[in-house]
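Reading the structure
For reference, the chains in residue letters:
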Amino acid sequence: MTVRIGVIGAGVMGSDHARTLQGSVSGATVTAIADPVQDRACALAAETGARCFSSAEELIASPFVDAVLIASNDNAHAEQVMACLEHGKPVLCEKPLAPTVRECQDLVDRQDALAAGIPLISVGFMRRFHPAYRAMKTLLEEGAIGQPLMVLSSHRNSTCPPGGNSAATITNSGIHEIDITAWLLNSPIESVSWHAPRSTALDSSRQDPQVLHLRTADGVLTAVDLFLNAQYGYDVRCEIVGELGTVELARPHLTTTSRALTESKSYAADWRPVFADAYRLQSQAWVDALISGTRPPLATAEEALAAARVAQALVDSMNSGGATISINHPHPAAGESFAGGKHERTLTNVR
Ligand code: ISE
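The following paragraphs examine the structure supplied in this document. (Residues numbered from 1 in each chain as written. Predicted model: local features only at pLDDT ≥ 70, side-chain atom pairs only at ≥ 80, totals over all residues. Heavy atoms only, no water.)

**Considering helix α1 (residues 12-24)**
Its 13 residues place the ends of α1 18 Å apart at the C-alpha level, agreeing with the 18 Å of an ideal helix rising 1.5 Å per residue. If you check which residues of α1 are buried, you get Met 13, Gly 14, Ser 15, His 17, Ala 18, Thr 20 and Leu 21. (Helix = DSSP H or I, 4+ residues; strand = E, 2+ residues; numbered from the N terminus. Expected span 1.5 Å × (residues − 1). Buried < 20%, exposed > 50% of the residue type's maximum accessible area, 1.4 Å probe, protein only.)

Spelled out as structure tokens, the structure:
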């Protein structure tokens, strides 16, 4: 069986997903591309052997589309995912599922009301498929570094496109750190605070860098620096410090050059080369599940809702000068579905 996939969005990520699905994912074929900029949709469609649409709704309704991958602007996600639910089509939506808690909640509620058996919504928190993050999680679960105590992470883009603001830094980029932290530690984030150092003069649209503090239910404290105009390259770091040792993500260098008595390492310009395997493995896992009629092992709508609640709390902290904000997760939060683990401490116990 081959799953006929329609890709919404022919920009940077839509193009990357379409090429990966068409060229490197078995059991998948890209049959449709939609983008409001029709020329862009048609150019990508010609490259991948698909039809092009200017309307996402038409693509979702098309009889040539069995499943939909959404890589459009974040603000368009909720409406497009809702349309997939109404057409009963499985959808892999790029993170964030939607920028607001309200929209994520509406999607979770609608999916629940449809009671389709296997949930239709999967969310593209692709870091969960990155081999190095997976290896770190396995080492943690095996007790290699004892109980984790703190996590030190960095998320640096070389430059950031115009059009965002400080909140978008959290809902678009910080959301990865929110999801991967809860997933790695297998514990939901229960309180956060937001901090701002001096801001770079190179971007007047937002506070940059930002520092996020995330406290999980197990009492681990995570500090993340988010710097979207770091200039020197794309750089993601993560070190977990435990009672017996540490485990660290391998650095994302593409090459090391030795020359003239000097060793130098090159960075990627953006995340695509760094996470290429993760994107491919995630899409393959999704397609495999669609073919076998099983639950896709990707992030769920409920986990994306939990991440949106944490992002909202960080924005609230930002708007209140860095106050510590608690989060109540009415749904199972990221991490809990992986081991069904119970919280060791409630927030009131956190010192
Ligand atoms: C982008 O949308 C991504 O998803 C990248 O993984 C992330 O590193 C970047 O900051 C986001 O803008």
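**Looking at the sheet that holds strand β2 (residues 28-34)**
Spatially, β3-β2-β1-β4-β5-β6-β15 is the arrangement adopted by the 7 strands of the open sheet, whose pairing is mixed. This sheet does not close on itself; its edge strands, each paired only once, are β3 (51-53) and β15 (299-300). By the bridge criterion, 3 bridges tie strand β4 (residues 67-70) to strand β5 (residues 91-94) in an arrangement that is parallel. Of the residues in β5, the one forming a bridge with Ile 70 is Cys 93. (Pairing = 2+ DSSP bridges.)

**Structural notes on the environment of Gly 242**
Inspection of the secondary structure assignment puts Gly 242 in strand β11 (residues 235-242). On the accessibility criterion, Gly 242 (10% relative accessible area) is buried. Distance in space between the C-alpha atoms of Gly 242 and Arg 19 is 40 Å, their sequence separation being 223 residues. Those residues in contact with Gly 242 that sit more than four places away from it in its chain are Ile 145, Gln 147, Pro 148 and Leu 149. (Contact = heavy atoms within 4.5 Å.)

**Section: the layout of surface pockets**
By rolling a water-sized probe across the atoms, one finds the places where empty space is left. A volume near 1300 Å³ is recorded for the largest pocket. Forming the boundary of the largest pocket are 47 residues, of which Ser 72, Asn 73, Asp 74, Pro 161 and Asn 172 lie nearest the centre. Counting residues per element, the lining of the largest pocket draws most heavily on helix α7 (residues 166-185), which supplies 6 residues. Looking at the lining of the largest pocket residue by residue, the class counts come to 20 nonpolar, 20 polar and 7 charged. (1 Å grid on protein atoms, 1.4 Å probe; cavity = no way out; pocket = protein on both sides within 12 Å on 5 of 7 lines; lining within 4 Å. Points joined across faces, edges and corners; volume = space filled by probe spheres on them. Nonpolar A, V, L, I, M, F, W, Y, C, P; charged D, E, K, R; others polar.)

**Overview of the site of the ligand**
In the neighbourhood of the ligand, the contacting residues comprise Lys 95, Met 126, His 155, Asn 157, Asn 172, Ser 173, His 176, Tyr 234 and Trp 271. Lys 95 is positioned with one of its side-chain polar atoms (N or O) 2.9 Å from an oxygen atom of the ligand. Between the ligand and Tyr 234 there is a distance of 2.6 Å, counted from an oxygen atom to a side-chain nitrogen or oxygen. Considering the ligand on its own, with 300 Å² of exposed area, one finds that the protein chains cover 89% of that surface. According to the grid-proximity analysis, the pocket containing the ligand is the largest pocket. Considering each element in turn, the shell around the ligand owes the most residues, 3 residues, to α7. For the shell around the ligand, a count of residues per class yields 3 nonpolar, 5 polar and 1 charged. (Near = heavy atom within 4 Å. Polar contact = N/O pair within 3.5 Å; in protein donor to acceptor, adjacent residues only side chain to side chain. Areas by Shrake-Rupley, 256 points an atom, 1.4 Å probe, with all protein chains shown as cover. Sits in = over half its atoms within 2 Å of the grid points.)

Scope: geometric values only; no functional claims are made or implied.
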